[in-house]
Each structure stands twice: as C-alpha cells, then as structure tokens.
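Spelled out, the chains give:
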Amino acid sequence: MAEPQGLPGTVGFIGLGRMGEPMVRRLAAAGVTVRAFDAVARLHLAEVVTLVDEVAAVAEGAAVAEGAAVVILMLPDSNVVEAVVHGGDSETGLLDALAPGAVLVDMGSSEPLRTRALAAETAARDVVLVDAPVSGGVTGAESGTLTIMVGGPEETTAGLAPLLGVLGRVRRVGPVGAGHALKALNNLMSASHLLASSEALLAGQRFGLDPAAMLEAVNGSSGRSGSTENKWPNFVLPGTYNSGFALSLMLKDIRIALGLAEATGAPSAHTARTVELWAEASAALGPGADHTEIVRWLRSIGTGEGDS
Ligand code: NAD
C-alpha cells in the first residue's frame, strides 16, 4: 500500500452498477486512481470517466489488474464473479492478469461456499481473496456510510482498512466466506421484516388506520425495523419504489441464506416460507422490479389491485 494515507495508488474495479458507480466516485474523490470496467453499462462508464478524472476506463475486465495491488468486484452474484475471474473463450481471466501478492476483494453478495472454494484457487496463484459485502444501499454507497462485512485473513483485512474506510465502516467478521454468509443472513432478516411489517401495515390500512400514523407509532415501539424506519416512509408511502436494490438480488440473497440454514441443519421453516413468497412476488412483478415493490404485490392480493 502506498503512502501517505495508506491508500493504494491504483485500484482495479469491475461492476459499475447501482452500487459500483458511486463507490468508484468516492474512491476517485479520495485520490485513488481507478481502472474501471463494466461489461454492459458502457454509456454509464463513459459518464463516470468524464466526471471523475482519476477513473480510467479499460476495454476488458482483466485489464483492470494492470498496476493494481487491489482489485474490487461489485458484481451481481457468484456466477458472474467466477466468470470474470476465470475468463472465457475470448477473454483473459482476471486471475491470469493479477500480479502475485495482489488482493481481490469481492464486495458483491456472493455465495459463501463458492467464495471459499474460489479463495483456495486464488491462493494457489498467490492472490488473496477477501469477501467484503456491504449493507446500506445506494445511499450508503454515495455517502461512504456502508457497513462492510469482511471475511479474510486478519493481516490482509487490516491492510485494506484505509481503502475500505473510504466506502464505509469496516467490520471483520471471520475468515474468507464469513462476510458473504453474514450478508445473506442480514438480508434474510431484512426481507422477513419487510414482509412482516407490510402484511401488518396493510391489515391496519384495511381496518381503516392511516399508514403514516401507524409508522410513527410503530417506530417508537417494539415492532420497528429498517422496513418501518426507512423503506416504508421513503419508498413505499411516496409510491416511488426506487430504493435501488432489485427484487431479483434480494431473492438471490435469501436463497443463499436458506441454503446456509439447510446445510447447517438450523431451523428454517420461516426462512423457507419467506423465500417462497419473495419468489412469487418476483414472478408476478418481473425482472426489473425494485425489492420494495413486494408491497405492491402484497397489496394486490385479495383486491385485484397491484399497480398503485
Ligand atoms: P447492478 O445490477 O446495478 O450492477 C451490477 C453491474 O455488474 C452492472 O453494471 C453489470 O453490467 C455489471 N456486470 C454484469 N456482468 C458483468 C461482467 N461479466 N463483467 C463486468 N461487469 C458485469 O447491481 P447492484 O445493485 O450494484 O449490486 C451489486 C452487488 O451488490 C450484488 O451482489 C447485490 O446483491 C449487492 N448489493 C446491492 C445493494 C443495492 O442496494 N443495490 C446493496 C447491498 C448489496
């Protein structure tokens, strides 16, 4: 890591989506040179590059590794992470391009067991894989207030602290894979809270109660959660449903959590039903839905409505 602030001079970054783009902006604003790549969002990428001088767009994923001691991935899931790391017929794999001693940081919400397997593979090439998934959404990515759940060797995590500190609060939660496990479990709680609070609030509404008044009371009471304090007031009541976190990604995360519960023999009846309901909502709302739109789907049940 280069001096003066413990930040690496150059960082590679792959995945400039809803989360990745604001994260890259923050890194660039902190003085880090970012070599950035996104497979499909080329216009998006061009805009980031124009607005932030410290970002260099590269034409191929593996090219982000040039001169970079650290490469960050902010990709949808383990399938994409593995495809990028291994490369394909026409593309060099990132692992082939990384210098020995480099650190690869998967900040997306991937599958913990696949992360562990990938870490063993990268270790054989002298590349340390660290999982560092985040919570806090697009707003947290913009303001640098993400909660970052890190899994990996203590020494590597400590070395990454100044860099990750630009993006949020770093919490090392265990060895590699621990961050991805905890992130899936966090989202299971979040998805359960949103379902439970929405069923309760919709029942109250049909009974004649005012949702805003219910939220004000509940948020000073034991029923409160991130859903009643943030999602309902900011995305559901205004009818914008624009949290920036896709329903398909939430479904992916809670399926990971269910797999983890089943693999460990932990009780999972509630989790299994939660996954079923989110899957039904996903099928009904379609691929582009924001996760908060599950409330629109719930509202349609028993009324035939759904578009309000
Ligand atoms: P997104 O779909 O907006 O962005 C993903 C980006 O990856 C896209 O720009 C896409 O073009 C790019 N991509 C896909 N395949 C690629 C490839 N082969 N090579 C290069 N780029 C490729 O997703 P997001 O909302 O930014 O989420 C990213 C990750 O962070 C996911 O794992 C998600 O679960 C997690 N996450 C999201 C939020 C949120 O609020 N959006 C919050 C916490 C965690």
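As a convention, each chain's residues are numbered from 1 in the sequence order in which they are written. Totals for whole chains, interfaces and linings use all residues, but because this is a predicted model, local features are given only for residues with pLDDT of at least 70 and pairs of side-chain atoms are given and counted only at 80 or more. In computing side-chain properties, one takes all heavy atoms of the structure into account and sets aside hydrogens as well as water.

## A word on the overall build of the protein
- Each helix is a run of DSSP H or I of at least 4 residues and each strand a run of E of at least 2, with the numbering of both proceeding from the N terminus. When its secondary structure is counted, the protein shows 13 helices and nine strands.
- Every radius of gyration here is taken over C-alpha atoms, with the globule rule written as 2.2 Å times N^0.38, N being the number of residues. Taken over C-alpha atoms, the radius of gyration comes to 20 Å for the protein, in line with the 19 Å a tight globule of 308 residues would show.
- Principal axes of the C-alpha set define a box for the protein whose edges measure 65 × 45 × 40 Å.
- The burial tally for the protein puts 49% of its 308 residues in the buried class.
- Two residues form a contact once any of their heavy atoms are found within 4.5 Å. In the protein, once contacts between residues fewer than 6 apart in sequence are set aside, the share between residues at least 24 apart is 65%.
- Carbon and sulfur atoms provide 55% of the accessible area of the protein, an area that totals close to 13,700 Å².
- For the protein, the distance from the average position of its 20 positive side-chain charges to the average position of its 33 negative side-chain charges is 5 Å. Each residue's exposure class comes from its accessible area (1.4 Å probe, protein chains only) as a fraction of the maximum for that residue type: buried when under 20%, exposed when over 50%, partly exposed otherwise. Using a 1.4 Å probe, the Shrake-Rupley method yields the accessible areas, and only the shown protein chains count as cover for residues. The convention is simple: Lys and Arg are positive, Asp and Glu are negative, and His and the chain ends are not counted. Charge positions are represented by NZ for Lys, CZ for Arg, CG for Asp and CD for Glu.

## Overview of unusual backbone geometry
- The phi angle at Asp126 is positive, at roughly 65°, despite the residue not being glycine.
- Residue class for Asp126 comes out partly exposed when judged on its relative accessible area of 47%.
- Phi at Tyr241 takes a positive value of approximately 45°, unusual for a residue other than glycine.
- Within the secondary structure layout, Tyr241 lies in the loop between helix H10 (226-236) and helix H11 (247-264).

## Things to note about the site of the ligand
- Note on terminology: near, applied to a residue and a molecule or strand, indicates that one of the residue's heavy atoms is within 4 Å of it. Close to the ligand lie 26 residues; Met19, Asp38, Val40, Pro76 and Lys252 are nearest.
- Between N or O atoms, a polar contact is any pair within 3.5 Å; within protein, one atom must be a potential hydrogen donor and the other a potential acceptor, and residues adjacent in sequence are included only when both atoms are from side chains. One nitrogen or oxygen atom from the side chain of Asp38 is found 2.5 Å from an oxygen atom belonging to the ligand.
- Contacts to the ligand include Ala39, whose backbone N or O atom sits 3.1 Å from a nitrogen atom.
- In isolation the ligand exposes 830 Å². Once the protein is present, 86% of that is buried.
- Secondary-structure elements contributing two or more residues to the shell around the ligand are helix H3 (78-86), helix H6 (137-143) and H11.
- The leading source of residues in the shell around the ligand is H11, at three residues.
- Amino acids outside the nonpolar list (Ala, Val, Leu, Ile, Met, Phe, Trp, Tyr, Cys, Pro) and the charged list (Asp, Glu, Lys, Arg) are all regarded as polar, and Gly is one of them. Looking at the shell around the ligand, its residues break down into 15 nonpolar, six polar and five charged.
- Where each domain begins and ends is defined by an automated method or by a domain database. Each of domain 1 (10-174) and domain 2 (182-301) gives at least three residues to the shell around the ligand.

## Topic: the pairing of strand E4 (residues 70-73)
- By the alternation rule, side chains of E4 split into Val70 and Ile72 and Val71 and Leu73, which are all buried.
- Where strand E1 (residues 10-14) and E4 come together, four bridges link them in parallel fashion. The partner of Ile14 across the bridge, within E4, is Leu73.
- When DSSP finds two or more bridges between two strands, those strands count as paired. Relative to strand E5 (residues 103-106), E4 runs parallel, the two sharing four bridges. In the strand pairing of E5, Val70 is matched with Val103.

## Considerations on the UniProt feature "domain: 3-hydroxyisobutyrate dehydrogenase-like NAD-binding" (unreviewed entry) in the protein
- UniProt positions are given in the numbering used here, feature names are shortened, and annotations may be inferred rather than shown by experiment. In the UniProt entry, the feature "domain: 3-hydroxyisobutyrate dehydrogenase-like NAD-binding" (unreviewed entry) is given for residues 177-298.
- What you have in residues 177-298 is 72% helix and 0% strand, and the ends, taken at the C-alpha atoms, are 34 Å apart.

## Remarks on helix H7 (residues 154-165)
- In a regular helix each residue adds 1.5 Å, so 12 residues correspond to 16 Å; H7 covers 16 Å between its end C-alpha atoms and thus fits that length.
- Turning to H7, its buried residues number three or more, namely Thr156, Thr157, Leu160, Leu163 and Leu164. The buried residues of H7 all sit within an arc of 105° when viewed along its axis, so they share a single face. Opposite the packed face of H7, turned more than 90 degrees from it, sit the exposed residues Glu154, Glu155 and Ala158. In this scheme, a helix's expected span is set at 1.5 Å multiplied by one less than its residue total. The directions from the helix axis to the C-beta atoms are what the arc is built from.

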